Amino acid sequence: MRALRYPLAVAVALLLAVPCPVRAEDRGVVGGQIVKVADAPWMVALASRERFGGVRSGHFCGGALVGRTTVVTAAHCLSQEVLGVDVLDAKDLRVIVGRDDLRGSAGSEVPLRSVWVNPGFDTETNAGDVAVLTLAQAVPSGRSIGMAQAGDAAYAPGTAAGVYGWGDVNGTGAYSNKLRGARVLVLDDGLCRHAYPGGPEGTYDSATMLCGGLPLGGRDACQGDSGGPLVARGRLVGLVSWGSGCAQAGRPGVYTRISSVAALVRAHSTESLSGAPAATALPGASAPLGRPQPDAPAQWGPR
Ligand code: 4AZ
C-alpha cells in the first residue's frame with residue numbers, strides 16, 4: 001500500500017498541473033456559458049410539442065425578436081425535413097419568450113399569426129436562409145434587437161460577437177436545457193471561402209452569408225442552434241445557418257448575413273421595425289454577451 005501512495009500522489013499532482021484537454025461539454029456549440037434570457041431578451045425558442053415532444057418545451061430552433069410581433073429565424077428550420085410536415089400543417093408552432101430553462105414554464109408561449117419562409121432560400125447552397133414569424137400577440141417593448149444594416153462596423157472581421165442557443169453542446173446530440181451563449185468573432189470572408197469552396201462541405205457566399213467563430217475552433221453554433229442570433233455591437237448581424245461539424249478548427253460557422261435579408265424581413269413584417277443606428281460605439285465598447293441597447297419605441301403606422 002505504502003509503495004503505491006507516492007506514485008499516486010505524483011499522478012494526482014500531474015493531473016492537476018497539466019492542462020487537460022478541454023472537456024467536450026465545454027468545447028461544444030456555444031462552447032460558452034449559461035446565459036440568462038434577461039441578458040439576451042430578444043432570444044426566442046421555436047417550439048412544437050406535437051412534433052418534438054414536451055420535455056424541452058418542444059424546442060427545435062432558435063430565433064430573434066426584431067419587433068414586438070416579428071421574429072426572424074432560419075428558413076431551413078421550417079422545412080419539411082426539419083418539421084416532418086409542411087409548415088402550414090404544424091399547427092402548434094409557438095415562439096417561446098423569456099424562458100431560460102426549457103424544462104420550466106417561465107415566460108410565455110406565443111402562437112403565430114403568420115409565417116413567411118423566404119421563397120428564395122436555396123436548399124442546395126443555403127443562401128437566403130431566413131423566415132419571418134408574426135406573433136399573434138405582441139411581446140412587451142424593449143425585448144427586440146435592431147438588424148445591422150450593410151456597412152455597419154459590426155460586420156468588420158475581428159468584431160466580437162455572441163451566438164446563443166439551446167442546441168447541441170458537443171456535436172453528439174446533447175442538447176442544452178439552459179440557454180447558452182458563446183463569444184466568437186466575425187471572421188474574414190476568406191476563411192469561409194477557403195473552408196467552403198464548393199463541393200461536399202458547402203459553398204460560402206459572402207453576399208448572403210457571414211463567417212463566424214474562432215480561427216482555431218472551440219466555440220461555435222451547432223445543431224439545434226439554427227435560426228438563433230449572432231449579435232455584435234448590440235445589433236443582430238447573423239442567424240445560425242450551417243457549417244461543417246461544430247467548433248472544429250478551420251470550419252467556421254456560417255450565418256445568414258442579416259443586412260442581405262433585412263429588406264425582405266421589413267417587407268414581411270406587419271409592424272414598422274426600428275432600424276439599428278450606424279455604429280457609434282467606442283472601440284472596445286462592445287458587449288457581445290451583454291444586454292443590447294433597448295430598441296426605439298415601436299412605431300405603428302401605414303406600411
Ligand atoms: C445544424 O445542423 C448546424 N457549426 C448549425 C450550425 C452549424 C452546424 C450545423 C455550425 O443546424
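Everything discussed here concerns the structure shown above.
Since we're looking at a predicted model, the values are computed, not measured.

Draft legend 1. Representation of the site of the ligand within the structure. Taken together, Asp220, Ala221, Cys222, Gln223, Ser226, Val240, Trp242, Gly243, Gly245 and Cys246 make up the full set of residues adjacent to the ligand. One of the side-chain nitrogen or oxygen atoms of serine 226 is found 2.8 Å away from an oxygen atom of the ligand. Within the backbone of glycine 245, a nitrogen or oxygen atom sits 2.9 Å from a nitrogen atom of the ligand. For the ligand, the protein covers 84% of the area, taking 300 Å² as the surface of the free molecule. Grouping the amino acids of the shell around the ligand by side-chain chemistry returns 5 nonpolar, 4 polar and 1 charged.

Draft legend 2. Broad picture of the side chain of serine 48. Tracing the backbone through its elements, the reader meets serine 48 in the loop between strand S2 (43-47) and helix H3 (49-52). Apart from residues lying up to four places away in sequence, serine 48 is in contact with Gly53, Gly58, Phe60, Asp92 and Leu93.

Draft legend 3. View of the pairing of strand S4 (residues 70-73). Residues Thr70 and Val72 line one face of S4 and the alternating positions Val71 and Thr73 line the opposite face, and both faces are buried. In this sheet, S4 lies alongside strand S3 (residues 59-65) in antiparallel orientation, the contact comprising 2 bridges. Its bridge partner being in S4, leucine 65 is matched across the sheet by valine 71. In textbook terms, the turn of a hairpin is the stretch between consecutive antiparallel strands, and for S3 and S4 this stretch comprises 4 residues.

Draft legend 4. Just the state of the cysteines, in detail. Within this structure, the stated rule accounts for 3 disulfides. Sulfur-sulfur distance for the disulfide between cysteine 61 and cysteine 77 comes to 2.0 Å. What sets the handedness of the cysteine 61 and cysteine 77 disulfide is the S-S torsion sign, and at about -90° it is left-handed. Separated by 16 residues along the polypeptide, cysteine 61 in strand S3 and cysteine 77 in the loop between S4 and helix H4 (80-83) bring together distant segments of the chain. The disulfide partner of cysteine 222 is cysteine 246, and the S-S distance across this bridge is 2.0 Å. In this structure, the disulfide formed by cysteine 222 and cysteine 246 twists by about 80° around the S-S bond and is classed as right-handed. Residue cysteine 222 is found in the loop between strand S10 (209-213) and strand S11 (229-232), and its partner cysteine 246 is found in the loop between strand S12 (235-242) and strand S13 (253-257); the two are separated by 24 residues along the sequence.

Draft legend 5. Here's a closer look at the side chain of threonine 159. Looking at the element boundaries, threonine 159 is found in the loop between strand S7 (131-135) and strand S8 (160-165). What makes threonine 159 buried here is its relative accessible area of 11%. At 2.6 Å, the side chain of threonine 159 and the backbone oxygen of alanine 156 are in polar contact. Those residues in contact with threonine 159, other than ones at most four positions away along the chain, are Ala153, Ala154, Val184, Leu185, Val186, Ala232 and Arg233.

Draft legend 6. Examining the layout of surface pockets more closely. Looking at the largest pocket, its volume works out to about 710 Å³. Lining the largest pocket we find 29 residues, and of these His76, Val82, Gln223, Ser226 and Ser241 sit closest to its centre. Every element with two or more residues in the lining of the largest pocket is listed here: S3, H4, S12 and S13. Of the residues contributing to the lining of the largest pocket, the split by class is 14 nonpolar, 12 polar and 3 charged. The residues that make up the lining of the largest pocket include at least three from each of domain 1 (10-22 + 41-144 + 260-267) and domain 2 (153-258).

Draft legend 7. Quick look at helix H6 (residues 258-267). Those residues of H6 that fall on the buried side of the exposure criterion are Ile258, Val261, Ala262 and Val265. Buried residues of H6, viewed axially, fall in a sector of 135°; they line one side. Contacts from the buried residues of H6 go to S4, S7, S12 and S13.

Draft legend 8. Just the environment of histidine 268, in detail. The residue histidine 268 is located in the segment after H6 in this model. Look at histidine 268 and you get partly exposed, because its relative accessible area is 31%. In this structure the C-alpha to C-alpha distance between histidine 268 and threonine 134, which are 134 residues apart in sequence, comes to 8.8 Å. Within polar-contact distance, the side chain of histidine 268 engages the backbone oxygen of leucine 264 at 2.9 Å.

Draft legend 9. Expanded view of unusual backbone geometry. One non-glycine residue, arginine 233, lies in the positive phi region at around 50°. You can see arginine 233 is positioned in the loop between S11 and S12.

Definitions and limits used
- Residues numbered from 1 in each chain as written.
- Predicted model: local features only at pLDDT ≥ 70, side-chain atom pairs only at ≥ 80, totals over all residues.
- Heavy atoms only, no water.
- Near = heavy atom within 4 Å.
- Polar contact = N/O pair within 3.5 Å; in protein donor to acceptor, adjacent residues only side chain to side chain.
- Areas by Shrake-Rupley, 256 points an atom, 1.4 Å probe, with all protein chains shown as cover.
- Nonpolar A, V, L, I, M, F, W, Y, C, P; charged D, E, K, R; others polar.
- Helix = DSSP H or I, 4+ residues; strand = E, 2+ residues; numbered from the N terminus.
- Contact = heavy atoms within 4.5 Å.
- Buried < 20%, exposed > 50% of the residue type's maximum accessible area, 1.4 Å probe, protein only.
- Pairing = 2+ DSSP bridges.
- Disulfide = S-S within 2.5 Å.
- 1 Å grid on protein atoms, 1.4 Å probe; cavity = no way out; pocket = protein on both sides within 12 Å on 5 of 7 lines; lining within 4 Å.
- Points joined across faces, edges and corners; volume = space filled by probe spheres on them.
- Domains from an automatic or database assignment.
- Arc of directions from axis to C-beta.

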